[in-house]
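Single-letter residue listing:
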Amino acid sequence: MDAAVPPPDAGQRLVLRRKGLVMSATCYQPHGTGRAPVAVLLHGFPDTPATWRHLAPRLVQHGFVVLVPVMRGYEEGSASHEAMEPRKPYRASYTLDEMADDVVAWVEVVEGARQGMGGVGGVALIGHDWGSMVAGTVVLRQPERVAWLVQLAVPHLHHMHAAIARHPIQILYSYYILVFQLCWLGEYLLRATAFVEYLWRTWCPPSPAASVGDDARRAARHLAASPRVAAAALGYYRSLLNYASADARAVHRLWRTAPPIPRRVRCLAVNGLEDGCIHPAVFRYCTRSVRCYEGWGSPDVVHVEVPGAGHWAHLEKPGEVNGCIVTFLTEGRAAG
């Protein structure tokens, strides 16, 4: 448990306006001035920024500026109006490219805010689930901006097709993605809180951390409370499989053909061995492929498997997992 770690002071609320959408984030500043690294914490599905409540204070304590955005679509202001048009289920608003641009814009906001305080000493992208995919896309498109990449629960996607071919059980694990392609049914399931809670239960084993059940209920209520937010969450999955869209095809092409991780970016991949969303063998194959990719794989990719943890390892075993992340970042910072 992280009970010994005090919560960060009330953070500063930041607002980002892009393409008619209004997005918000909370920024926590370390004490003192001078150059400080920035850690951007990106949540996934079905989740909220509260998923980072254990990690954020530990990073602030170690001198990081911590930015915790609400992912695009997970609040009314950033849920695209077209999300409510069920006859247009594939939406460019929720492509990985668009969300990667959101992250870059957020980094620029923090860089501007830190100009009078000593500047920014490197950027760490820490993503869970969809946040992991978005962080990986930023690294592919603008690697010069990123010093550290931490991917939780979902691996780098460069070899995902090959991993599924070797371990087809992943198709069964991913059944919900196909269900979400169906107009009306996906919307109905997300507005019925029982389905989201069911996903949490099947994606992680019973946890001694009682708060995990609270997180499941919080996420379920958040999606059920707003039809626009629920539709936006579905838009992520519908955009991902929309091969008819030029934007989606470009993202798939980027993941297939681009170097997986530039050598200068230090990388950490973490997954629970009881994950019911991404099979551990698939995660292991993707991570090992990145490490062995001839001529490109980062020599600093570290893979940590967490026994007894599922899809939310950072919540199920916060002391172990978040301690691993902090150690990885602080050691890399000293080495850099």
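All figures in this text were calculated on a predicted structure; none of them were measured in a lab.

## Overview of the overall build of the protein chain
Counting its secondary structure elements, the protein chain contains 14 helices and eight strands. Here the protein chain holds 336 residues, and 57% of them are scored as buried. Taking the intrachain contacts of the protein chain between residues at least 6 apart in sequence as the baseline, contacts between residues at least 24 apart amount to 79%. Split by element, the accessible area of the protein chain, about 13,700 Å² in all, is 56% carbon and sulfur.

## Overview of the layout of surface pockets
In this structure, the largest pocket occupies an estimated 640 Å³ of space. The wall of the largest pocket is formed by 26 residues, among which M160, I164, I177, L240 and L241 lie closest to the centre. Where the lining of the largest pocket is concerned, the elements lending two or more residues are α3 (130–141), α4 (160–166), α5 (169–173), α6 (175–179), α10 (227–240) and α11 (246–257). Per-element tally for the lining of the largest pocket: the top contributor is α11, with four residues.

## Some points on the nonpolar core
If you look at the biggest cluster of nonpolar residues, it comprises 81 residues, and the most contacted ones within it are V40, F45, L125 and L190. A per-element tally of this core places helix α2 (residues 96–113) first, with nine residues. The contact partners of L125, leaving out residues within four places of it in the chain, are V40, V103, A135, V138, V146, W148, L149 and V150.

## Some points on the packing of α2 against α3
Where α2 contacts α3, the two axes come as close as 9 Å, and the packing angle between them is 80°. Taken together, the axis directions place α2 and α3 in an arrangement best described as roughly perpendicular. The residues of α3 that touch α2, namely those facing L96, D97, M99, A100, D101, V103 and V104, are W130, M133, V134, T137, V138 and R141. Considering only residue class, the contact of α2 with α3 consists of nine nonpolar, one polar and three charged.

## Focus: the pairing of strand β1 (residues 12–18)
Looking at chain direction, β1 and strand β2 (residues 21–28) are connected through seven bridges and run antiparallel. Residue pairing for β2: R13 is matched across the bridge by T26. Between the end of β1 and the start of β2, which pair antiparallel, lie two residues, with K19 showing a positive phi angle near 50°.

## Some words on the pattern of salt bridges
What the rule picks out here adds up to 15 salt bridges. R53 is the partner of D215 in a salt bridge, and the nearest nitrogen-oxygen pair spans 2.7 Å. A residue pair is termed long-range when its members are at least 10 positions apart, and D215 in helix α9 (residues 211–225) and R53 in the loop between β3 (36–42) and α1 (55–61) qualify at 162 residues. A residue is classified by how much of its surface remains accessible, and D215, at 1% relative accessible area, is buried. The class of R53 is partly exposed, set by a relative accessible area of 30%. A salt bridge links E98 to R72; its shortest N-O distance comes to 3.5 Å. Of this pair, E98 sits in helix α2 while R72 is found in the loop between β4 (65–69) and α2, placing the two residues 26 residues apart along the sequence. Overall, the relative accessible area of 15% leaves E98 in the buried class. For R72, a relative accessible area of 4% translates into the label buried. A single salt-bridge network, built from bridges that share partners, covers R18, K19, R72, E98 and D102.

## Here we look at α3
For α3, spanning twelve residues, the distance from its first C-alpha to its last is 17 Å, which sits close to the expected 16 Å at 1.5 Å a residue. Of all twelve residues in α3, eleven are buried, a share of seventy percent or more. Those residues of α3 lying buried are W130, G131, S132, M133, V134, A135, G136, T137, V138, V139 and L140.

## Observations concerning the pairing of β4
Remark: a regular strand shows side chains that alternate across the two faces of the sheet. Where burial is concerned, most of β4 is hidden: five out of the five residues are buried. The alternating pattern of β4 places V65, L67 and P69 and V66 and V68 on opposite faces, both of which are buried. Of the pairings in the sheet, the one linking β2 to β4 comprises four bridges and is antiparallel in character. Across the sheet, A25 pairs through a bridge with P69, a residue of β4.

Scoring rules and cut-offs
- Residues numbered from 1 in each chain as written.
- Predicted model: local features only at pLDDT ≥ 70, side-chain atom pairs only at ≥ 80, totals over all residues.
- Heavy atoms only, no water.
- Helix = DSSP H or I, 4+ residues; strand = E, 2+ residues; numbered from the N terminus.
- Buried < 20%, exposed > 50% of the residue type's maximum accessible area, 1.4 Å probe, protein only.
- Contact = heavy atoms within 4.5 Å.
- Areas by Shrake-Rupley, 256 points an atom, 1.4 Å probe, with all protein chains shown as cover.
- 1 Å grid on protein atoms, 1.4 Å probe; cavity = no way out; pocket = protein on both sides within 12 Å on 5 of 7 lines; lining within 4 Å.
- Points joined across faces, edges and corners; volume = space filled by probe spheres on them.
- Core = buried A, V, L, I, M, F, W, Y, C linked by side-chain atoms within 4.5 Å.
- Axes fitted to C-alpha atoms, helices over the stretch in contact; angles between N-to-C directions.
- Parallel < 35°, antiparallel > 145°, perpendicular 65-115°, else oblique.
- Nonpolar A, V, L, I, M, F, W, Y, C, P; charged D, E, K, R; others polar.
- Pairing = 2+ DSSP bridges.
- Salt bridge = Lys/Arg side-chain N within 4 Å of Asp/Glu carboxyl O.
- Expected span 1.5 Å × (residues − 1).

Read these as spatial facts, not as claims about activity.
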